[in-house]
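# Topology and contacts: notes
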Amino acid sequence: MDLSKLSLIFKIIIIGIIYIIIFIALRIMYKDVKNGGRKVRSSRKSFGLEVISAGNNSNLRRGGVIPVRGDITIGRKNDNLLILDDPYASSHHARVYVKNNDCILEDLGSTNGTLLNGERIEGREYLNSGDEIRIGSTSFRVIG
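Cut-offs and rules
Residues numbered from 1 in each chain as written. Predicted model: local features only at pLDDT ≥ 70, side-chain atom pairs only at ≥ 80, totals over all residues. Heavy atoms only, no water. Helix = DSSP H or I, 4+ residues; strand = E, 2+ residues; numbered from the N terminus. Buried < 20%, exposed > 50% of the residue type's maximum accessible area, 1.4 Å probe, protein only. Contact = heavy atoms within 4.5 Å. Areas by Shrake-Rupley, 256 points an atom, 1.4 Å probe, with all protein chains shown as cover. Lys, Arg positive; Asp, Glu negative; His and termini not counted. Charge placed at Lys NZ, Arg CZ, Asp CG, Glu CD. Pairing = 2+ DSSP bridges. UniProt positions renumbered as here; feature names shortened; annotations may be inferred. Salt bridge = Lys/Arg side-chain N within 4 Å of Asp/Glu carboxyl O.

An unreviewed UniProt entry lists the chain under the name FHA domain-containing protein, with Clostridium tanneri as the source organism.

Below, the structure is given as C-alpha cells:
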C-alpha cells in the first residue's frame, strides 16, 4: 500500500474524530442552554427539625430549623452535632438520619427515652412530616 493512501486514510479518521468531539460538545451546550443554566433538581427529599420548645438550651430558639443532611446525633456530650443542655438528655441520646429518601429517628439507648408523638420509642422509627420528637424538655417537629 502506498504511503500517500495511508496518509489520506489517517486524515479522514482524524477529521471524523474531530467532528464527533464537536458534535458531543454542541449537544452538552444545548442541554445547558435548554435548562437555562439551572442545575437539575435531584429527587432527594429534604428534611428538617423545627424547634417547638427549646427547654433550657441557650443554643436553640423557638422556630429555628435544623436541616437534616446525612446524620445528626443528639445529646449532652460535645461530640454530638446537636448538643442539648438538658439534665434529662443522655450523653448520646438519639440520632436522626436520612436513608433512601426516608427520615429515621433512632434512640441510642438513652436512660429517659425518646418520645415520638408522645410515645416512647425503642430502636428506630420512620418519621413523617409533622411528627413531634421530645427529648427531655426539648421538642422538635419534623418538616419536609
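This is not the end of the story, as more comes after the structure.
## Considerations on the overall build of the chain
Each helix and strand in the chain was counted, giving one helix and 11 strands. Secondary structure elements of the chain, listed N to C terminal, follow the sequence α-β-β-β-β-β-β-β-β-β-β-β. Across its three principal axes, the chain shows a C-alpha extent of roughly 90 × 30 × 25 Å. When the 144 residues of the chain are sorted by exposure, 31% land in the buried category. The contacts of the chain with a sequence gap of at least 6 include a subset with a gap of at least 24, amounting to 36%. Of the roughly 10100 Å² of accessible surface on the chain, 54% is carried by carbon and sulfur atoms. Across the chain, 21 positive and 15 negative side-chain charges occur, with their mean positions spaced 12 Å apart.

## Details of the side chain of S90
Counting through the fold element by element, S90 comes out in the loop between β4 (82–83) and β5 (94–99). Judged by relative accessible area, S90 falls into the buried class, the value being 11%.

## Details of the pairing of strand β2 (residues 65–68)
The alternating pattern of β2 places I66 and V68 on a buried face, while none of V65 and P67, on the opposite face, is buried. Examined bridge by bridge, strand β1 (residues 47–53) and β2 share four bridges and lie antiparallel to one another. Considered in β2, the bridge of E50 is made with V65.

## Examining the UniProt feature "transmembrane region" (unreviewed entry) in the chain
Look at the UniProt record and you will see "transmembrane region" (unreviewed entry) annotated at residues 6–30. In this annotation, residues 6–30 is assigned 100% helix and 0% strand; the end-to-end C-alpha distance for the span is 36 Å.

## Describing the pattern of salt bridges
For the coordinates displayed, the defined rule picks out five salt bridges. Taking the shortest distance from any N to any O, the salt bridge between R95 and E106 comes out at 3.0 Å. Placement of R95 in strand β5 and of E106 in strand β6 (residues 102–107) is noted, with a sequence separation of 11 residues between them. Across the pair, exposure class does not vary: R95 and E106 are buried alike.

## A closer look at the sheet that holds β1
In space, the six strands of this open sheet follow the order β2-β1-β11-β10-β7-β8, with antiparallel pairing throughout. The sheet is open, and its two borders are formed by β2 and β8 (119–120), each paired with just one other strand. As defined by bridge partners, β1 adjoins strand β11 (residues 138–143) across five bridges and the pair is classed as antiparallel. Pairing of L49 across the sheet is with V142, part of β11.

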